[in-house]
Amino acid sequence: MLVTMDSPEEDPVASQFIQNITIPSALITKDFGDSLKKALSNKEMVSIKIDWRESLPHPDKRVEYEFWTNSNDECGPKCEAQVEFVRNYKGVAQILEQGGYTQFTPHYITWYCPQAFIESKQCKSQCINNGRYCAPDPEQDFSVGYDGKEVVIENLRQLCVFKVTSDSGKPWKWWDFVTDFQIRCPMKEKKYGPECAEEVIKSLSIDVGAVQKCMGDPNADEDHPILKHEQDAQVGEGDRGDVTILPTLIINNRQYRGKLDKSAVMKAICSGFEETSDPPVCLSDTLQTNECLQNNGGCWSSGELTACQDTFRGRVCQCPLVKGVQFDGDGYTHCEGRKQSGKLEF
């Protein structure tokens, strides 16, 4: 089992350096440890390599993995790490999913409010469905900013986007939605919420009505099937422990304990395939995908003009420069040429 050193507690001071701790470590048997100490005491050369290839179950030609995350982008370095990972890993994840090599499922941790406190200010501001599903206040201050219940609602929206796109045979579009939501609807710009989220959904040609129907009424005094499933899934069984810390990645029902970056996660995913069934991406040194080819990458377009620009790290939506004329706009919903002397430059 591979592990990294981290603290489950929120500590503003420690969080600044925890993210930079990358010391690899592993659990070994006492007998093996004694043999290593004996070799070292005899001044023998000892070389140890941490290898993912046998660290995860690899029973068949498909890898199943889960990513436990959060739509809240104001929780410090851990949230920033999740955002960065999703953006960098999106292209690889979509290639694996579209090729049928993986089955990916996003998850979101929710808590519940004890019955005795359901009518309290804290529960009312942090929970939906009469205290059944809750999230901490993003700023940890009930008088300012966003409430925990708004985070629960956006988590639910992202789960419903996954359900709707999965039902239509395109579950990989969850990665497009989450990435664009992070870029276009950040809390710090006061854009986090349903209006911005639905604009992103429309730009990606996802059925807004189906997502709304899936979400239901957050004020209803009843269980929500999707959020209830999320709470049940947090409880571990077999070799998988409970999910209590974000982010958490589970591969082939085994918790991944390593650095949350594209390269490290790719190695872990690739180690989960049955021998000789590795997808091409696991056998290549480089990977580049043109994300502008499908649905124009969710960016603005008009005729042959497009705001979608493909890069190695993923597409960006940026209004184009055409025949010396710079178009202005957000790159997602509109771009227009600059006007001069009452005439449109073009």
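Residues numbered from 1 in each chain as written. Predicted model: local features only at pLDDT ≥ 70, side-chain atom pairs only at ≥ 80, totals over all residues. Heavy atoms only, no water.

Outline the side chain of Glu 198, listing residues and values.
Here Glu 198 shows up in helix 7 (residues 194–203). For Glu 198, the contacting residues outside a window of four places in its chain are Arg 157, Val 208 and Gln 212. (Helix = DSSP H or I, 4+ residues; strand = E, 2+ residues; numbered from the N terminus. Contact = heavy atoms within 4.5 Å.)

Talk me through helix 3 (residues 77–98); I want residue IDs and the actual numbers.
Its 22 residues give helix 3 an end-to-end C-alpha distance of 31 Å, which sits within 8% of 32 Å, the value for a rise of 1.5 Å per residue. If you look at helix 3, its biggest bend is around 50 degrees, right at Tyr 89. Phi for Gly 100, located one or two positions after helix 3, is positive at around 75 degrees. (Expected span 1.5 Å × (residues − 1). Bend = angle between axes of the 7 residues up to and from the residue.)

Give a description of the packing of aromatic side chains that names residues and reports values.
Taken as a whole, this structure holds twelve aromatic pairs when the rule is applied. Taken together, a centroid distance of 5.2 Å and an interplanar angle of 50 degrees make the contact between Phe 104 and Trp 174 tilted. Here the residue Phe 104 occupies a position in strand 4 (residues 102–108), and Trp 174 occupies one in helix 6 (residues 173–184), the gap between them amounting to 70 residues. The two residues Phe 104 and Trp 174 agree in class, both being buried. Aromatic rings pair up to connect Tyr 65, Phe 67, Phe 85, Tyr 89, Phe 104, Phe 162, Trp 174 and Trp 175 into one cluster. (Phe/Tyr/Trp six-rings, centres within 6.5 Å; stacked < 30°, edge-to-face > 60°. Buried < 20%, exposed > 50% of the residue type's maximum accessible area, 1.4 Å probe, protein only.)

Go over the sheet that holds strand 8 (residues 254–255), please, and point to the residues and values.
Taken together, four strands build an open sheet; the order of strands is 4-3-7-8 and the sheet is mixed. Single-partner strands in this sheet number two, and they are strand 4 and strand 8. Where strand 7 (residues 248–251) and strand 8 come together, two bridges link them in antiparallel fashion. Of the residues in strand 8, the one forming a bridge with Ile 251 is Arg 254. Together, strand 3 (63–69) and strand 4 form the strand contacts of helix 3, whose direction differs from that of strand 3 by roughly 155 degrees. Those strands touched by helix 6 are strand 3 and strand 4, and its axis lies near 40 degrees from that of strand 4. (Pairing = 2+ DSSP bridges. Axes fitted to C-alpha atoms, helices over the stretch in contact; angles between N-to-C directions.)

Help me get a handle on a negative patch on the surface, residues and values and all.
On the surface, a cluster of negative charge is contributed by Glu 74, Glu 80, Glu 139 and Asp 141. Within the element layout of this structure, Glu 80 appears in helix 3. Among the residues examined, Glu 80 registers a relative accessible area of 53% and is labelled exposed. (Patch = residues over 30% accessible without salt bridge, like charges linked within 9 Å, V, L, I, M, F, W, Y side chains within 5 Å. Areas by Shrake-Rupley, 256 points an atom, 1.4 Å probe, with all protein chains shown as cover. Salt bridge = Lys/Arg side-chain N within 4 Å of Asp/Glu carboxyl O. Lys, Arg positive; Asp, Glu negative; His and termini not counted. Charge placed at Lys NZ, Arg CZ, Asp CG, Glu CD.)

Just give me the short version of the pairing of strand 4, but keep the residues and values in it.
Burial runs high along strand 4: five of the seven residues are buried. As judged from the seven bridges shared by strand 3 and strand 4, these two strands associate in the parallel manner. Bridge pairing in strand 4 links Phe 67 to Pro 106. Between strand 3 and its parallel partner strand 4, the chain crosses via helix 3, and the hand of that crossover is right-handed. (Right-handed = clockwise from strand over helix to strand, strands pointing away.)

Residue-level account of the packing of helix 5 (residues 148–167) against helix 7, with values.
If you want to describe how two helices pack, look at the angle between their axes and the distance between the axes. Two elements in contact, helix 5 and helix 7, have axes separated by 11 Å at closest approach and are oriented at 15 degrees. If you check the angle between helix 5 and helix 7, you find them roughly parallel. Crossing of helix 5 over helix 7 shows right-handed handedness. Contact residues: helix 5 offers Glu 154, Arg 157 and Val 161, while helix 7 offers Pro 194, Ala 197, Glu 198 and Ile 201. Partitioning the contact of helix 5 with helix 7 into residue classes produces four nonpolar, no polar and three charged. (Parallel < 35°, antiparallel > 145°, perpendicular 65-115°, else oblique. Left-handed = near helix turned anticlockwise from the far one by under 90°. Nonpolar A, V, L, I, M, F, W, Y, C, P; charged D, E, K, R; others polar.)

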